[in-house]
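# A closer look at the structure
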Amino acid sequence: MADSRPERPWAPATTVVAAGRPPRTPDAPVNPPLVFSSTFVGAGTPGPQDRTYARSANASWEPLEEVLATLEGAREGGGALAFASGMAAVSAVAALVPVGGRVVAPRSSYNTSVELLEQLQAEGRAQVSFVDVADTQEVVDALGDGADLLWLESPTNPLLEVADLVACAEAGHRAGALVAVDGTFATPLVQQPLALGADVVVHSVTKLLSGHSDVLLGAVATSDPAVLQRLSTHRRVHGAIPGPFEAWLALRGVRTLALRVERTGATAADLARRLDASPAVDRVRHPSLPADPGHERARAQMRGFGSVLSIELVGDDDGARASALVDALRLWTPATSLGGVESLVERRRRHANEPTTTPRGLLRLSVGVEDVEDLWADLEQALAGLE
Ligand SMILES: *Cc1c(COP(=O)(O)O)cnc(C)c1O
């Protein structure tokens, strides 16, 4: 039987489809089977995978991890690990910081990641300096003479700020820090933080990677064998493991990632342009716009601009107009989360833990795969209805 390994590296659009398949033996399934087993047969002699118990190693995670490691460009000895949620993955990376250690992290970023770091700070377990991650000099200054972890998110949720990943990773390493990037908004198809100098990349697989708003899952990838080992041990002893069915669903979603990233990215850029021209809209945040502060950086370090954009309406300091707009939409679903095939809209400050750097009226729009004209017509009628 021909080996499925490529003679030259596959393009990411091929990897998402072709990697993580069972060996091509006669009668073998094309898709990895779901394995519901908490324990594996063993009596002294380890099998080829050395599985013993499903918290340590699990046949259902391995194909997904293989695809993610390949997409992230993790080198030999490194790899990817699936976690029970994006936050389980973020927590595993945060746990690499020694007690009392120094962390530099974005002030404006995913609200629960900020909440986690604030909690570590409040408990005296870490000293955290929150910075404007788009301001490289502020990041460099905060790293000072030494830090244990430089936590980056780019583009940020929900302000779509773009960090200079190469410059920040270099500064982080000069300060002796482990450099981790939450790349959820970009996916590995649009941005490869390891190639830009990061040590670890983190994803909420819940979002674009899974793509159907039906599963919570997280992942980390690294080229560093020692870091991989520590994260793997953390997952085993803390127990934040994905269920087999969740991992299977995520892999099924990943198979169409290239198509979805292309379509949703193009639609998001199109809608960003149209919204930017609307007199009712005060500000559109999307790195595709030439006037966006992150545009040049995004062009330099990303292959696309992502499928999430944020808007603020004219004369909406309290967010009342934003809420009215959400109520008037018929196709866009009012819901949190992002990266699914269905378009979602949300006023972020409705969450108590949202950083106050997010404007009260900011609406985050996650663009799905619907027809662009239908999405625009819905926005247009809702904007027209605001008096
Ligand atoms: C959603 C999200 C997370 C958390 O992921 P969960 O799967 O919800 O735990 C982390 N980072 C970013 C940027 C996110 O959007």
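On a predicted model such as this, the values are computed, not experimentally measured, just so you know.

### Considerations on the nonpolar core
By size, the foremost hydrophobic cluster in this structure holds 30 residues, and its most contacted members are Val-93, Trp-151, Val-200, Val-220 and Leu-231. Counting residues per element, this core draws most heavily on helix H3 (residues 86–94), at seven residues. Leave out the neighbours within four places in its chain, and Val-220 touches Gly-79, Ala-80, Leu-81, Phe-83, Ala-89, Val-93, Val-200, Val-201, Val-202 and Leu-231. Core analysis: the second largest hydrophobic core is formed by 29 residues, Val-201, Leu-208, Leu-209 and Val-254 among them.

### Some thoughts on the pairing of strand S1 (residues 79–83)
Counting buried positions over the five residues of S1 gives five, a clear majority of the element. Here S1 shows a buried face lined by Gly-79, Leu-81 and Phe-83 and a second buried face lined by Ala-80 and Ala-82. As defined by bridge partners, S1 adjoins strand S7 (residues 218–222) across five bridges and the pair is classed as antiparallel. Bridge pairing in S7 links Gly-79 to Thr-222.

### Regarding the side chain of Glu-312
Relative to the helices and strands, Glu-312 is located in strand S9 (residues 308–313). The class for Glu-312 is buried, based on a relative accessible area of 14%. Excluding residues within four positions of it along the chain, Glu-312 makes contact with Val-281, Asp-282, Arg-283, Arg-285, Pro-359, Gly-361 and Leu-362.

### With respect to the domain arrangement of the protein chain
For the protein chain, the domain assignment lists domain 1 (12–254) and domain 2 (257–384). Each of domain 1 and domain 2 has a C-alpha centre, and these two points are 26 Å apart. Between domain 1 and domain 2, the contact holds 41 residues from the first and 36 residues from the second. In total, about 3,100 Å² of surface goes out of reach between domain 1 and domain 2, with carbon and sulfur atoms giving 57% of it. Of all residues in domain 1, Asn-111, Val-190 and Leu-208 bury the most surface against domain 2, accounting for 21% of the area lost on that side. Our count for the contact surface shared by domain 1 and domain 2 stands at zero salt bridges. Applying the counting criterion to the domain 1 and domain 2 interface returns 19 residue pairs in polar contact (both at pLDDT 80 or more). At the level of secondary structure, the elements contributing two or more residues to the side of domain 1 that touches domain 2 comprise helix H1 (12–18), helix H4 (111–122), helix H7 (187–190) and helix H9 (244–254). The residue makeup of the side of domain 1 that touches domain 2, split by class, is 22 nonpolar, 15 polar and four charged.

### Concerning the site of the ligand
Near the ligand, the surroundings consist of 13 residues, among which Gly-86, Met-87, Asp-182, Thr-206 and Lys-207 are the closest. The side chain of Ser-204 places a nitrogen or oxygen atom 2.9 Å from an oxygen atom of the ligand. When the ligand sits alone it has 380 Å² of accessible area, and the protein chains cover 94% of it. Classifying every residue of the shell around the ligand by side-chain character gives four nonpolar, six polar and three charged.

### With respect to the sheet that holds S1
What the seven strands build is an open sheet, ordered S1-S7-S6-S5-S4-S2-S3; its pairing is mixed. Because the sheet does not close on itself, it has two edges, and the strands there are S1 and strand S3 (126–131). Neighbour to neighbour, the strand axes of the sheet diverge by 20 degrees on average, direction disregarded. Across the sheet, helix H5 (residues 136–143) touches strand S2 (101–106), S3 and strand S4 (149–153), and the angle it forms with S3 is around 160 degrees.

Conventions and cut-offs
Residues numbered from 1 in each chain as written. Predicted model: local features only at pLDDT ≥ 70, side-chain atom pairs only at ≥ 80, totals over all residues. Heavy atoms only, no water. Core = buried A, V, L, I, M, F, W, Y, C linked by side-chain atoms within 4.5 Å. Buried < 20%, exposed > 50% of the residue type's maximum accessible area, 1.4 Å probe, protein only. Helix = DSSP H or I, 4+ residues; strand = E, 2+ residues; numbered from the N terminus. Contact = heavy atoms within 4.5 Å. Pairing = 2+ DSSP bridges. Domains from an automatic or database assignment. Buried area = accessible area lost by both parts, 1.4 Å probe. Salt bridge = Lys/Arg side-chain N within 4 Å of Asp/Glu carboxyl O. Polar contact = N/O pair within 3.5 Å; in protein donor to acceptor, adjacent residues only side chain to side chain. Nonpolar A, V, L, I, M, F, W, Y, C, P; charged D, E, K, R; others polar. Near = heavy atom within 4 Å. Areas by Shrake-Rupley, 256 points an atom, 1.4 Å probe, with all protein chains shown as cover. Axes fitted to C-alpha atoms, helices over the stretch in contact; angles between N-to-C directions.

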